[in-house]
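Each chain, letter by letter, is given below.
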Amino acid sequence: MASATSATSAKDTLIWSFGGPVGCTLMSVLVVVIPYYLYFCLEFNQGMPIPTAGADVAGFWKSIIPTWTAAGFYLGWLALQVLLQIFVPGLQVEGVAQPDGTRLSYRMNGHRCFWITLILLVILVATETLNLSLVYQEFGALLSVAGLVSLVLSIFLYPYGKTRGQSFHTSGNLIQDFFMGTALNPRIPSPTGFDLKLFFECRPGLFLWSLFNAMFAWVQYQEYGFVSTAMILVNIGQLLYVWDCMRMESALLTTMDIRHENFGFMLAFGDTPWVPFTYCLQAYYLVHHVHDLPLWAALLAVGLAIAGQLLFRMSNKQKDTFRRDPENALIWGKPAQYIETRAGTKLLASGTWGLSRHFNYVGDELMAISWSIPCLFATPIPYFYPIYFALLLIHRERRDHLLCAEKYGEDWERYCKRVKWRIIPGIY
Ligand code: NDP
């Protein structure tokens, strides 16, 4: 009875996530304002968080007005990614069982699309068909265009999801459901399964993030005649992160976003303007701040990046390997230990999943810190990312806990007793 009650209250909390309609409205405003604020600080305020005497406020307002150039670039970019998704061959992989027991098929061509996009961009830049300096000048306008695209997408998704995807955790309240989404997996009918959520989660935004980083390196080279060590480190670290996500694309199918979150404004905005326009902030900061990177900072950044990447990948791979074949999966060379559940799926309780319930977050956060260190400490702005990310992961773990409590009931309680720590063993 106790677990039935906690499952019911978990469900209510999930349906009214982010503080209900009022909280969702405030969150929507906040997530729209923050990328503009960061852009203002980086481009018009010398990287400082509070307006300085030299701040060019008028220049900022002028630069965020959408332009035809920005619209042409962004829509062209989106069209390219859609075409690659549709036409580049890839393995068809079955996702994990849906709430109704059915499994969706996904085309895993992300790794190929990554390389094709990269090669295409190199050709376009080398032949001067794509002018990166112009894209840089249009950054503010591009942000507004990407924001508008995500708004249109969300407006489309609200009714579309209701008829085309499985309804899950919906409230019936327009604001709440617009923010959180009306369906788990809205798809455009196609023989290979064009899954809107997976596409936006990992294509236009993630790849654009890498393109922006490369663009900042290019602009620095144009201005100074060289690319700084700090810029190189940030570019390599973040490019490897995106490449690794694409290389292990099928592991995304067992993540919380794909498994449990509806596709609405929160994810659409997060995937479309938020990721590429805020995650590139370290490289953006470095364009205008060229410094000699002390050896200790370079070593610390590289060490944290390597440690973070290894932990992140090991942990996510363990879950992916386990979920594919729980009986035969080897974790750290030994048969996986797990907890059986009445819901059918098993919960891994060995490897990093025996140390804490989300050890994968530790690796991700270490990488986030490693990308800010090359910016040194003249201003807190480059540290926005690791701070925001830590808060996101703490909140995310709480949400996932509720989702799993609702889904697994007493079995989740048993797992939590066995694996006590939420994220960092011995601390949290
Ligand atoms: P997880 O990969 O941990 O996925 C959570 C889901 O896994 C749960 O909902 C549950 O789904 C299943 N699960 C939970 N515990 C177990 C277990 N013991 N054994 C097997 N399955 C389990 O979390 P996220 O989706 O939040 O994160 C995935 C990765 O993406 C992380 O490394 C994270 O750091 C990263 N990330 C990156 C972001 C970025 O912006 N860069 C943003 C968010 C995440 P079920 O049992 O229903 O299948």
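Scroll up to find the structure this text is about.
Residues numbered from 1 in each chain as written. Predicted model: local features only at pLDDT ≥ 70, side-chain atom pairs only at ≥ 80, totals over all residues. Heavy atoms only, no water.

Draft legend 1. Looking closely at the overall build of the chain. Helix and strand counts for the chain stand at 19 helices and 8 strands. Relative to its length of 428 residues, the chain is compact, with a C-alpha radius of gyration of 22 Å against a globular reference of 22 Å. Along the first, second and third principal axes, the C-alpha atoms of the chain reach 65 × 50 × 45 Å. Scored against the burial criterion, the 428 residues of the chain give a buried share of 55%. (Helix = DSSP H or I, 4+ residues; strand = E, 2+ residues; numbered from the N terminus. Rg over C-alpha atoms; globule rule 2.2 N^0.38 Å. Buried < 20%, exposed > 50% of the residue type's maximum accessible area, 1.4 Å probe, protein only.)

Draft legend 2. Spotlight on the packing of aromatic side chains. Under the criterion given, the structure shown has 45 aromatic pairs. On the basis of an interplanar angle of 45° and a centroid distance of 5.8 Å, the ring pair of Phe-322 and Tyr-338 is categorised as tilted. With a gap of 16 residues between them, Phe-322 in helix 15 (residues 295-324) and Tyr-338 in strand 7 (residues 338-339) connect regions that are remote in the sequence. For Phe-322, a relative accessible area of 1% corresponds to the buried category. The class for Tyr-338 is partly exposed, based on a relative accessible area of 23%. (Phe/Tyr/Trp six-rings, centres within 6.5 Å; stacked < 30°, edge-to-face > 60°.)

Draft legend 3. Looking closely at helix 4 (residues 68-87). Over its 20 residues, helix 4 extends 28 Å from the first C-alpha to the last, a length consistent with the 28 Å expected when each residue adds 1.5 Å. Buried residues of helix 4: Ala-70, Ala-71, Phe-73, Tyr-74, Trp-77, Leu-78, Gln-81, Leu-84 and Gln-85, and no others. (Expected span 1.5 Å × (residues − 1).)

Draft legend 4. Quick look at the layout of surface pockets. Counted as a void, the second largest pocket has a volume near 390 Å³. Leu-118, Ser-210, Leu-211, Ala-214 and Asn-235 are, among the 17 residues lining the second largest pocket, the residues nearest its centre. When contributions to the lining of the second largest pocket are tallied by element, the ones reaching two or more residues are helix 5 (110-126), helix 10 (204-224) and helix 11 (229-247). With 6 residues, the top contributor of residues to the lining of the second largest pocket is helix 5. (1 Å grid on protein atoms, 1.4 Å probe; cavity = no way out; pocket = protein on both sides within 12 Å on 5 of 7 lines; lining within 4 Å. Points joined across faces, edges and corners; volume = space filled by probe spheres on them.)

Draft legend 5. Seen up close, a nonpolar patch on the surface. Among the surface-exposed residues, Val-29, Val-33 and Tyr-37 lie close enough to one another that they form a single nonpolar patch of about 260 Å² accessible area. Residue position: Tyr-37 is located in helix 2 (residues 20-44). (Patch = residues over 30% accessible without salt bridge, like charges linked within 9 Å, V, L, I, M, F, W, Y side chains within 5 Å. Areas by Shrake-Rupley, 256 points an atom, 1.4 Å probe, with all protein chains shown as cover. Salt bridge = Lys/Arg side-chain N within 4 Å of Asp/Glu carboxyl O.)

Draft legend 6. Highlighting the site of the ligand. The full set close to the ligand counts 25 residues, and Arg-323, Asp-364, Arg-396, Asp-400 and Tyr-408 are the nearest of them. Compared with its free state, where it exposes 920 Å², the ligand has 93% of that area covered by protein. Broken down by secondary-structure element, the contributors of at least two residues to the shell around the ligand are helix 12 (256-260), helix 15, strand 8 (347-348), helix 17 (360-372) and helix 18 (384-408). Considering every element that reaches the shell around the ligand, the biggest residue donor is helix 18, with 6 residues. (Near = heavy atom within 4 Å.)

Draft legend 7. Main features of unusual backbone geometry. One non-glycine residue, Trp-332, adopts positive backbone phi at about 50°. Residue position: Trp-332 is located in the loop between strand 5 (330-331) and strand 6 (334-335). For Trp-332, a relative accessible area of 52% puts it in the exposed group. Even without being a glycine, Leu-376 presents a positive backbone phi close to 60°. Position of Leu-376 relative to the elements: it lies in the loop between helix 17 and helix 18.

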